[in-house]
Amino acid sequence: MEKMWAGRFEKASDKMADDFNSSIHFDKKMYKQDIKGSMEHAAMLCRVGILTPDELGSITSGLASILHDLEVGDLDFDMNAEDIHMFVEAELTKRIGDTGKKLHTARSRNDQVALDLRLYMRDEAFAVIDLLKALTKTTLELAKKNTETIMPGYTHLQRAQPITFAHHLLAYCMMFIRDVSRILDAVLRMNYSPLGSCALAGTTYPTDRDSVAEALGFDGVTMNSIDGVSDRDYCIELEAAFATVMMHLSRFSEEIILWSSWEFKFVELDDAYTTGSSIMPQKKNPDMAELVRGKCGRVYGDLMATLTMLKGLPLAYNKDMQEDKEAVFDSVETVKKCLAIFIPMVETMKPIPENMLAAAKRGFINATDLADYLTKRGLPFRTAYKIVGTVVGKCVKEGKTLDEIPLSEYKEYSEIFAEDLYEEIALETCIRKRISKGSTGYASVMEQIAYVEEQI
Ligand code: ARG
């Protein structure tokens, strides 16, 4: 195929160079955005008198027929085209003749690709938000069913204080809510149209950038044409937001992996979201959660790839920037796939409250409450802390729990101890008495549930 710029050159480019240069095998993903952008660009060219209504009519119907044929599979992408923009333009000219060659007036591929990518990422950002909302809802539903399910809360992966399973799950809901707001925030900054920046300096044609921006659902146009074609901040911001989503999913995955092990057995994963082993007949492996944890790394990598690609690039467009797309596409596709698998995995996950409670009963997770018991009756907290530490040491030696030590023995440590201490260190009491805002207490958890419900 003869190059668009053949006039300037004395010989054709090398085949390997063409393949190396070509991006159609990945930027074909943006065909819808490219065609939509071209339709609005043409409509504007007609409004300002650059195209006649007839020319606009044939460009619009030509583009519509290309879109249709791609959608139904009647048209294949030409892998010899340099990119999606060249492909659509060449196909248009093939279909409608010379009028097709007028489409690229007052535009460059530099602002065209910047436009397409913004449109694409806007659609994808909302797709990720929808999935995040669905996962928040699923996690919330599980929390609502487990407001009375007592489990150990951990620090350093050591049993620390009693909490409810609902409280633990709600922590993830809060993360997902912030994830949504981070993405929305990035979209707000991204949602300005670069189209009309042209190659870098703008154009001598009397274009109307604002009306195209409005027709494409943007909040306005980018204010500096050099920035308009050079900016990929929105890729970085969205990749960073997706990397944060993946980090949250990875932490949740890690817990699900631990919880479904025989060491914990706090949950049972549904057979549909686990795998067996090719050699060990007893195995039921949490592969989905492990893969999500593993895929977190590639999404971090996508962010790093984009940051590094842009580092040190002079203004304005450089071909390096073609490398933005595979990274950003991989980032969005990976996060979507991970969210999509997480929703049914969490939905079908069965908590095993007996095991959570059994674990909560071991590990002295009511020790803080015992220290508070003494403190509320007049001892300085540090003194109380020390006494309880000594009692715990004794329990460890004797293989007992705090509620198995008789009152007479407690009295040896402090005269303040009385019969009501047992009620005070009951796990249920420890939770009920957590009254601070955001705590594991029943009222606080109900408040958190209401908050999450309102957010989604
Ligand atoms: N395929 C190119 C990209 O993705 C489109 C822009 C090309 N512009 C240029 N001046 N070569 O970045």
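Look above for the structure.
The rules we used
- Residues numbered from 1 in each chain as written.
- Predicted model: local features only at pLDDT ≥ 70, side-chain atom pairs only at ≥ 80, totals over all residues.
- Heavy atoms only, no water.
- Helix = DSSP H or I, 4+ residues; strand = E, 2+ residues; numbered from the N terminus.
- Rg over C-alpha atoms; globule rule 2.2 N^0.38 Å.
- Contact = heavy atoms within 4.5 Å.
- Lys, Arg positive; Asp, Glu negative; His and termini not counted.
- Charge placed at Lys NZ, Arg CZ, Asp CG, Glu CD.
- Pairing = 2+ DSSP bridges.
- Core = buried A, V, L, I, M, F, W, Y, C linked by side-chain atoms within 4.5 Å.
- Buried < 20%, exposed > 50% of the residue type's maximum accessible area, 1.4 Å probe, protein only.
- Near = heavy atom within 4 Å.
- Polar contact = N/O pair within 3.5 Å; in protein donor to acceptor, adjacent residues only side chain to side chain.
- Nonpolar A, V, L, I, M, F, W, Y, C, P; charged D, E, K, R; others polar.
- Expected span 1.5 Å × (residues − 1).
- Axes fitted to C-alpha atoms, helices over the stretch in contact; angles between N-to-C directions.
- Parallel < 35°, antiparallel > 145°, perpendicular 65-115°, else oblique.
- Left-handed = near helix turned anticlockwise from the far one by under 90°.
- Salt bridge = Lys/Arg side-chain N within 4 Å of Asp/Glu carboxyl O.
- Patch = residues over 30% accessible without salt bridge, like charges linked within 9 Å, V, L, I, M, F, W, Y side chains within 5 Å.
- Areas by Shrake-Rupley, 256 points an atom, 1.4 Å probe, with all protein chains shown as cover.

J.: Outline the overall build of the protein, supporting the account with residue identities and numerical values.
T.: A count of helices and strands for the protein gives 19 helices and 4 strands. Relative to the globule expectation of 23 Å for 456 residues, the C-alpha radius of gyration of the protein, 31 Å, shows a markedly less compact shape. Along the first, second and third principal axes, the C-alpha atoms of the protein reach 100 × 50 × 40 Å. Within the protein, residue pairs in contact and separated by at least 24 positions form 75% of the contacts whose partners lie at least 6 positions apart. Charge-centre separation for the protein: the mean point of 54 positive side chains lies 5 Å from the mean point of 71 negative side chains.

J.: Give me the lowdown on the pairing of strand 1 (residues 150–155), citing residues and values where you can.
T.: As paired elements, strand 1 and strand 2 (residues 158–164) share 6 bridges and run antiparallel to each other. Each bridged residue has a counterpart across the sheet, and for Gly 153 the counterpart in strand 2 is Gln 161. Here strand 1 folds back onto strand 2 in antiparallel fashion, the turn holding 2 residues, of which His 156 has a positive phi close to 55 degrees.

J.: I'd like a rundown of the nonpolar core, residues and numbers included.
T.: As a rule of thumb, soluble globular proteins bury nonpolar side chains together. Grouped together as the largest cluster of nonpolar side chains are 103 residues, with contacts concentrated most on Ile 183, Leu 249 and Ile 256. Once you skip the residues sitting within four places of it in the chain, Ile 183 turns out to touch Ala 125, Val 128, Ile 129, Leu 132, Leu 238, Ala 241 and Phe 242. In terms of nonpolar packing, the next biggest core, distinct from the first, is built from 18 residues, Val 391, Leu 402, Tyr 410 and Phe 417 among them.

J.: Please set out the site of the ligand residue by residue, giving values where relevant.
T.: What surrounds the ligand is the set Ser 23, Asp 27, Asp 83, His 85, Arg 109, Asn 110, Val 113, Tyr 317, Gln 322 and Lys 325. Asp 83 places a polar side-chain atom, nitrogen or oxygen, 2.9 Å from a nitrogen atom of the ligand. The element best represented in the shell around the ligand is helix 6 (residues 109–144), accounting for 3 residues. Across the shell around the ligand, the residue classes break down as 2 nonpolar, 4 polar and 4 charged.

J.: Tell me what's going on with helix 11 (residues 287–310), and back it up with residues and numbers.
T.: Over its 24 residues, helix 11 extends 35 Å from the first C-alpha to the last, a length consistent with the 34 Å expected when each residue adds 1.5 Å. For helix 11, the elements touching its buried residues are helix 10 (233–259) and helix 12 (324–347). Immediately beyond the C-terminal end of helix 11, within one or two residues, lies Gly 312, with a positive phi of roughly 80 degrees.

J.: Can you break down the packing of helix 14 (residues 367–376) against helix 15 (residues 381–398) residue by residue, with the values?
T.: Running from N to C, helix 14 and helix 15 point in directions that differ by 135 degrees, and their axes come no closer than 8 Å. Here helix 15 runs oblique to helix 14, going by the angle between their axes. As for the relative orientation of helix 14 and helix 15, their crossing is right-handed in sense. Each of Ala 367, Leu 370, Ala 371, Asp 372, Leu 374 and Thr 375 in helix 14 lies in contact with helix 15, whose residues at this interface are Phe 381, Ala 384, Tyr 385, Ile 387, Val 388 and Val 392. For the contact of helix 14 with helix 15, the residue count by class is 10 nonpolar, 1 polar and 1 charged.

J.: Would you mind going over the side chain of Glu 55 in detail, with residue names and values included?
T.: Summarising the element assignment, Glu 55 is placed in helix 4 (residues 53–72). Side-chain polar atoms of Glu 55 contact the side chain of Lys 102, separated by 2.5 Å. What Glu 55 contacts, discounting residues up to four positions off in sequence, is Ile 50, Thr 99 and Lys 102.

J.: Run through the pattern of salt bridges, naming residues and quoting values.
T.: The final tally for this structure, using the stated rule, is 34 salt bridges. The shortest N-O distance in the salt bridge between Arg 189 and Asp 185 comes to 3.0 Å. Residue Arg 189 and its partner Asp 185 are both found in helix 7 (residues 165–190); the two are separated by 4 residues, about one turn of the helix. For Arg 189, a relative accessible area of 47% corresponds to the partly exposed category. Classification of Asp 185 as partly exposed rests on a relative accessible area of 35%. For Arg 432, the salt bridge identified is with Glu 423, shortest N-O distance 3.4 Å. A single salt-bridge network, built from bridges that share partners, covers Asp 69, Glu 91, Lys 94 and Arg 95.

J.: Can you explain the packing of helix 10 against helix 12? Please cite residues and give values.
T.: Each pair of packed helices can be summarised by the angle the axes make with each other and by the distance between the axes. It is at 10 Å that the axes of helix 10 and helix 12 come closest, and there the two elements cross at 30 degrees. The pairing of helix 10 with helix 12 is recorded here as roughly parallel in orientation. The two elements helix 10 and helix 12 meet at a crossing, and its hand is left-handed. Taking contact as the criterion, the partners of Cys 235, Glu 239, Phe 242, Val 245, Met 246, Leu 249, Phe 252, Ser 253 and Ile 256 in helix 10 are, on helix 12, Ala 327, Val 328, Ser 331, Val 332, Val 335, Cys 338, Leu 339, Phe 342, Met 345 and Val 346. Class assignment of the residues belonging to the contact of helix 10 with helix 12 gives a composition of 16 nonpolar, 2 polar and 1 charged.

J.: I'd like a description of a nonpolar patch on the surface, backed by residues and values.
T.: A cluster of nonpolar side chains, namely Met 4, Trp 5 and Phe 9, defines an oily patch on the protein surface of about 320 Å² accessible area. With respect to the helices and strands, Met 4 occurs in the segment before helix 1 (15–21). A relative accessible area of 52% places Met 4 in the exposed class.

J.: Describe in detail unusual backbone geometry, supporting the description with residues and values.
T.: A cis amide bond links Leu 315 to the next residue, Ala 316, at an omega of 0 degrees. Counting through the fold element by element, Ala 316 comes out in the loop between helix 11 and helix 12. The phi torsion at Ala 106 lies on the positive side, around 60 degrees, for a residue other than glycine. Among the secondary structure elements, Ala 106 is positioned in the loop between helix 5 (84–96) and helix 6. Residue classification places Ala 106 among the buried positions, given a relative accessible area of 6%. Positive phi outside glycine occurs at His 156, with the angle close to 55 degrees. Following the sequence through the fold, His 156 ends up in the loop between strand 1 and strand 2. In this structure His 156 comes out as exposed when scored by relative accessible area, which is 75%.

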